[in-house]
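Listed below, chain by chain, are the residues.
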Amino acid sequence: DGSDEETTGWVAIDLGAGLVRMTNPEEGVYVEMTSADMEQMASFDGGYEPEVPQVVETGQSRTIAGMRASAFDVSTFDATARIWVSRDDAELTRSFMALAEYGSGLSMGDAPDPSMVVAEHGMPVLTQEIDYDVYRISEVVSIERRSLATDLFEPPAGLRRVTMRD
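These numbers come from a predicted model, not from an experiment.

Enquirer: Would you explain the pairing of strand β1 (residues 10–14) in this entry?
Expert: Side chains on a regular strand alternate between the two faces of the sheet. Pairing of β1 with strand β2 (residues 19–24), which is carried by five bridges, proceeds in the antiparallel orientation. Bridge assignment links I13 to a residue of β2, and that residue is V20. Connecting β1 to the next strand, β2, in antiparallel fashion are four residues, including G18 with a positive phi near 65°.

Enquirer: What should I look at first to understand the sheet that holds strand β3 (residues 29–34) in this one?
Expert: By way of backbone hydrogen bonds, the strands of a sheet pair with one another, either parallel or antiparallel. The strand order β1-β2-β3-β9 describes an open sheet built from four strands, whose pairing is mixed. The sheet is open, and its two edges are formed by β1 and β9 (160–163), each paired on a single side. Strand-to-strand, the axes of this sheet are offset by a mean angle of 20°, without reference to chain direction.

Enquirer: Hey, could you run me through unusual backbone geometry in this one?
Expert: One can expect most non-glycine residues to show negative phi and most peptide bonds to be in trans. In this structure, A65 takes a positive phi of about 50° despite not being glycine. Checked against the element boundaries, A65 lands in the loop between β4 (54–64) and β5 (67–75). You can call A65 partly exposed: its relative accessible area is 37%.

Enquirer: Quick question: what am I supposed to make of the side chain of E32 here?
Expert: Structurally, E32 is set in strand β3. Look at E32 and you get buried, because its relative accessible area is 10%. At a separation of 2.8 Å, a polar atom in the side chain of E32 contacts the side chain of R21.

Enquirer: Honestly, the pattern of salt bridges in this entry has me stumped. Any pointers?
Expert: Where side chains of opposite charge bring their charged atoms close, a pairing between them can arise. This model, assessed by the stated rule, comprises nine salt bridges. In this structure, D73 engages R82 in a salt bridge whose closest nitrogen and oxygen atoms are separated by 2.5 Å. The shortest N-O distance in the salt bridge between R146 and E144 comes to 2.5 Å. Exposure class is identical for R146 and E144. Each is exposed. The structure contains a network of salt bridges with shared partners spanning R21, E32, E154 and R161.

Enquirer: Is there a simple way to explain the packing of aromatic side chains in this structure?
Expert: By convention here, two paired aromatic rings are described through the distance between centres and the angle between planes. With the rule as written, the count across this model stands at zero aromatic pairs. The side chain of R62 reaches across the aromatic face of W84, ending 5.0 Å from its centre.

Enquirer: Would you explain the nonpolar core in this entry?
Expert: Soluble globular proteins tend to pack their nonpolar side chains together in the buried interior. Judged by nonpolar contacts, I64, M67, A69, A71, W84, F96, A100, A119, M123, V125 and L126 together constitute the single largest core of eleven residues. Counting residues per element, the ones that place at least two in this core are β5, α2 (90–103) and β7 (123–131). Setting aside its immediate chain neighbours within four residues, I64 contacts A69, W84, V125, L126, E139 and V140. Counting seven residues, the second-largest nonpolar core is a separate cluster that includes I83, V85, V117 and V118.

Enquirer: Sorry, what's going on with the sheet that holds β5 here?
Expert: Reading across from one edge, β4-β5-β6-β7-β8 is the order of the five strands in this open sheet, with antiparallel pairing throughout. One side of each edge strand has no neighbouring strand; the edge strands of this open sheet are β4 and β8 (134–139). Averaged over neighbouring strand pairs, the angle between their axes works out to 15° when direction is ignored. In terms of strand pairing, β4 meets β5 through eight bridges, oriented antiparallel. Counterpart to E57 in the pairing with β5 is F72.

Rules used throughout
- Positions within a chain are numbered from 1, following the residues in the order the chain's sequence is written.
- The predicted nature of this model means local features are confined to residues of pLDDT at least 70 and side-chain atom pairs, given and counted, to a pLDDT of 80 or more, with totals for whole chains, interfaces and linings taken over all residues.
- Think of the side-chain values as coming from all heavy atoms in the structure, minus any hydrogens and water.
- Note: two strands are recorded as paired if DSSP finds a minimum of 2 bridges between them.
- Put simply, DSSP H or I for four residues or longer makes a helix, DSSP E for two residues or longer makes a strand, and each gets a number counted from the N terminus.
- Working convention: axes come from line fits to C-alpha atoms, limited for helices to the stretch in contact. Angles between N-to-C directions cover 0 to 180 degrees.
- Note on exposure labels: buried denotes an accessible area under 20% of the residue type's maximum, exposed denotes more than 50%, and partly exposed covers the range between, all computed with a 1.4 Å probe on protein chains only.
- N or O atoms within 3.5 Å of each other form a polar contact, as long as, within protein, one can give a hydrogen and the other can take it, and as long as residues adjacent in sequence are counted only when both atoms are side-chain atoms.
- Counted as salt bridges are all cases of a side-chain nitrogen of Lys or Arg within 4 Å of a carboxyl oxygen of Asp or Glu.
- Centres within 6.5 Å are what make two rings of Phe, Tyr or Trp a pair, Trp counting through its six-membered ring; a difference in plane orientation under 30 degrees is then read as stacked, over 60 as edge-to-face, and the rest as tilted.
- Either the NZ atom of lysine or the CZ atom of arginine qualifies as a charge over a ring when it sits within 6 Å of the ring centre and within 35 degrees of the ring normal.
- The term nonpolar core refers to a set of buried residues drawn from Ala, Val, Leu, Ile, Met, Phe, Trp, Tyr and Cys, joined through side-chain atoms within 4.5 Å.
- Two residues qualify as a contact provided that any one of their heavy atoms is within 4.5 Å of a heavy atom in the partner residue.

So yeah, pure geometry; function would need other evidence.
Here you go:
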């Protein structure tokens, strides 16, 4: 809506089922998108020339959360980031690459997320980003493999389902 207020909610992505659910309890809805919806969105450019981010491998490497990582500098129109990526965990790297491909349909002409543009190089394990006057850091501190309850991925009862076609 153009405001600076943060929205509370979450996104659940099931790559196997080709399903994305964006849940917004404040508005009482969740948006459900299928693979077909994502393909349709990816084909819509809104008349905008997509921004091509600048990606430069720095040659630096270090260990983060027990994984070897390489640094990349990413510059877009409105953000600059140093992103450390790792390929040490092949399963996570494949999942992240699929997520990046899936998420590309959501940009609709917006500048791509710096973490997503390095997906071909591996999974981001540390991101330091400056976006206008906001500085953000996200870091993988550990990786834990365990089953999660399926109800964690379901929207809470009482929310209205909407689709991209609504």
